[in-house]
Amino acid sequence: MFRPPALPPPMVILKTSPSHASPCPGVDLYTLPDSRFKRAILEVHFDRALADGFSPARFLLGRVLEQGTQSHPSRMELTREEEGLWGGCVALDGDRLADAHRMTLSCTWVGAEFLPEGEVAESGILALGQELMSKPLPDSSGSPFQATSFQRERSQLALRIRTLKDDKAAWARERYLQCLCEGESYGTPPWESEEKVLSLTPEEVDTARLSLVKRAPVTAIAVGPIQADSIAPWLQSWLGGSERDSTPINEATPIPSELREVHEQMPMDQARFLMGFRFPELSSSEDLEALSLATSLLGGGTHSRLFRVVREEKSLCYGISAGTRLKKGILTVGAGIDAQAYEEVRDEVLRQVQVLVHGDYSNQELEDARAGLLHDLDTIGDSATGLSRYSAREVMLGMHRSPAERAEKIQSLDKDSVSNMASQWNASLVYLLEGGQG
């Protein structure tokens, strides 16, 4: 007896957005309590300008602070404290976010409803996170950090920078950004250089720490089985009482007048191809979702024009995709290719952008790209981490939309929306890292 295949379950896209509070001036808190998750996550983002000269010190800071505090004077003792708090975790890391250097204190813990009666992990983990950033372990000589661990972490970071060339894909991405964003803060990596890192002193790194705790604008996002009414007072008691910088961290986005090409060499097999387009600042929800849809059509997966034409039909690459850096107005096409195919790949990428501009693709392709975006929105609510990252993105964009609101906007877009968006992409740079002596 024939039975038709079961239909996929309907999408239930999240309709809620985080609640907002401002515990103190310059500190914004977004909370999304959700009892479906066992573990809660709180991310406290501190933003400083990439151009302020302290990015290398901040990049080293997280590694140094995680080596111990005044009350837990070693990495092992910090780990023991985390384990004693039912497997909680605190960590500090950072990277560039548009023209800001964002340092993030991450705290995770098991919700009280999943612990033995009377046990609470949240307050202990929050206290440990504050301790990590506010009470570093000083040296007996009076230095703000223990000398042995500081020197070790500084040397290890310098070694990591020196050996970045061993990861050809990572090296190509950095060189591409340096060439694409020449003259912009975004074109300089947060660590700046191996020489700069090796010249850092404990005093410089501690100055960078104090600048974060006392001056940086703060965005905190908490998701999961949280006690929302306890996080705001904790932030206020820790970060209140300081005057935080309110000047927007923005640089003008240059629009290129012509396409530049940069070829570099180093010993390697598969060449790395990176092509950058610049586009003007997008201020509306419709424009942002049109960008998402157009990017998906161009290089968002196996359904995309680049994958099907450049890889499948013409066999010009091993893999190819497209992605955006929204706040910097950058669209990047990346591929692994044979260097001999460089010109064909470059020209085909430009041709496929024009295909989008003129709408020379099928309605089915449009619907496949739309379906992929809606699926991604449907799965955002599957993890606390996913919800936290989504919320951080919306806050960064100043939109504060729920996934369902974004889905509704995506559903309304048509070919004209894609054409209008793709017509704003200005080809700026083609970067090729290929085999050779370098």
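No experiment lies behind these values; they were computed from the predicted model shown.

**What to know about the packing of helix α9 (residues 285-299) against helix α11 (residues 342-358)**
Now for step 1: Where α9 meets α11, the axes come as close as 10 Å, and the angle between the chain directions of the two elements is 135 degrees. Looking at the two axes, α9 sits oblique to α11. The chirality of how α9 crosses α11 is right-handed. Across the interface between the two elements, Ala-294, Leu-297 and Leu-298 from α9 touch Gln-352, Val-353 and Leu-356 from α11.
Now for step 2: In terms of residue class, the contact of α9 with α11 is built from 5 nonpolar, 1 polar and no charged.

**Regarding the sheet that holds strand β11 (residues 426-435)**
Now for step 1: In space, the 5 strands of this open sheet follow the order β7-β11-β8-β10-β9, with mixed pairing throughout. Whereas interior strands pair on both sides, the edge strands pair on one side only; in this sheet they are β7 (260-266) and β9 (319-325). Going from strand to strand, the sheet's axes swing by 15 degrees on average, the running direction of each strand aside.
Now for step 2: Where strand β8 (residues 271-278) meets strand β10 (residues 330-337), 8 bridges bridge the pair, whose relative direction is antiparallel. The residue bridging Leu-274 from the neighbouring strand is Gly-334, located in β10.
Now for step 3: Relative to β11, helix α5 (residues 168-180) is tilted by about 145 degrees, and along the sheet it contacts β7, β8, β9, β10 and β11.
Now for step 4: Sheet contacts for α9: β9 and β10; angle to β9, the most-contacted strand, approximately 165 degrees.

**A short note on unusual backbone geometry**
Now for step 1: The backbone of Glu-192 shows a phi angle near 70 degrees, a positive value even though the residue is not glycine.
Now for step 2: Within the fold, Glu-192 resides in the loop between α5 and α6 (194-199).

**With respect to the packing of α9 against helix α12 (residues 363-379)**
Packed helices, taken two at a time, are described by their axes: the angle between them and the distance between them.
Now for step 1: One can describe the packing of α9 onto α12 by two numbers: an axis separation of 9 Å at closest approach and a directional angle of 115 degrees. Crossing handedness for the pair α9 and α12: right-handed. Judged by residue contacts, Ser-292, Leu-293, Ser-296 and Leu-297 of α9 engage Glu-365, Leu-366, Ala-369, Arg-370 and Leu-373 from α12.
Now for step 2: For the contact of α9 with α12, the class distribution of residues is 5 nonpolar, 2 polar and 2 charged.

**Things to note about the packing of aromatic side chains**
Now for step 1: One pass over the structure, following the stated rule, counts 5 aromatic pairs.
Now for step 2: Each ring, one from Phe-145 and one from Phe-150, has its centre 6.1 Å from the other, and the planes form 10 degrees; the classification is stacked.
Now for step 3: Judged by its relative accessible area of 2%, Phe-145 is buried.
Now for step 4: What makes Phe-150 buried here is its relative accessible area of 2%.
Now for step 5: Summarising the aromatic geometry, the rings of Trp-234 and Trp-238 are spaced 5.3 Å apart at their centres and angled 40 degrees between planes, so their arrangement reads as tilted. Of this pair, Trp-234 and Trp-238 are both found in helix α8 (residues 228-239), 4 residues apart, which corresponds to roughly one turn of the helix.

**Section: the layout of surface pockets**
Now for step 1: Looking at the largest pocket, its volume works out to about 1600 Å³.
Now for step 2: If you trace the largest pocket, you find 47 residues lining it, with Arg-96, Leu-97, Thr-324, Arg-325 and Met-396 closest to the centre.
Now for step 3: The dominant element in the lining of the largest pocket, judged by the number of residues it contributes, is strand β4 (residues 89-97), at 7 residues.
Now for step 4: Size it by volume and the second largest pocket reaches roughly 570 Å³.
Now for step 5: At the level of elements, β2 (27-33), β3 (39-49), β5 (100-110), β6 (218-224) and α13 (384-397) are the ones that each hand at least two residues to the lining of the second largest pocket.
Now for step 6: Looking at side-chain class alone, the lining of the second largest pocket contains 12 nonpolar, 7 polar and 7 charged residues.

Cut-off values and rules
- Residues numbered from 1 in each chain as written.
- Predicted model: local features only at pLDDT ≥ 70, side-chain atom pairs only at ≥ 80, totals over all residues.
- Heavy atoms only, no water.
- Axes fitted to C-alpha atoms, helices over the stretch in contact; angles between N-to-C directions.
- Helix = DSSP H or I, 4+ residues; strand = E, 2+ residues; numbered from the N terminus.
- Parallel < 35°, antiparallel > 145°, perpendicular 65-115°, else oblique.
- Left-handed = near helix turned anticlockwise from the far one by under 90°.
- Contact = heavy atoms within 4.5 Å.
- Nonpolar A, V, L, I, M, F, W, Y, C, P; charged D, E, K, R; others polar.
- Pairing = 2+ DSSP bridges.
- Phe/Tyr/Trp six-rings, centres within 6.5 Å; stacked < 30°, edge-to-face > 60°.
- Buried < 20%, exposed > 50% of the residue type's maximum accessible area, 1.4 Å probe, protein only.
- 1 Å grid on protein atoms, 1.4 Å probe; cavity = no way out; pocket = protein on both sides within 12 Å on 5 of 7 lines; lining within 4 Å.
- Points joined across faces, edges and corners; volume = space filled by probe spheres on them.

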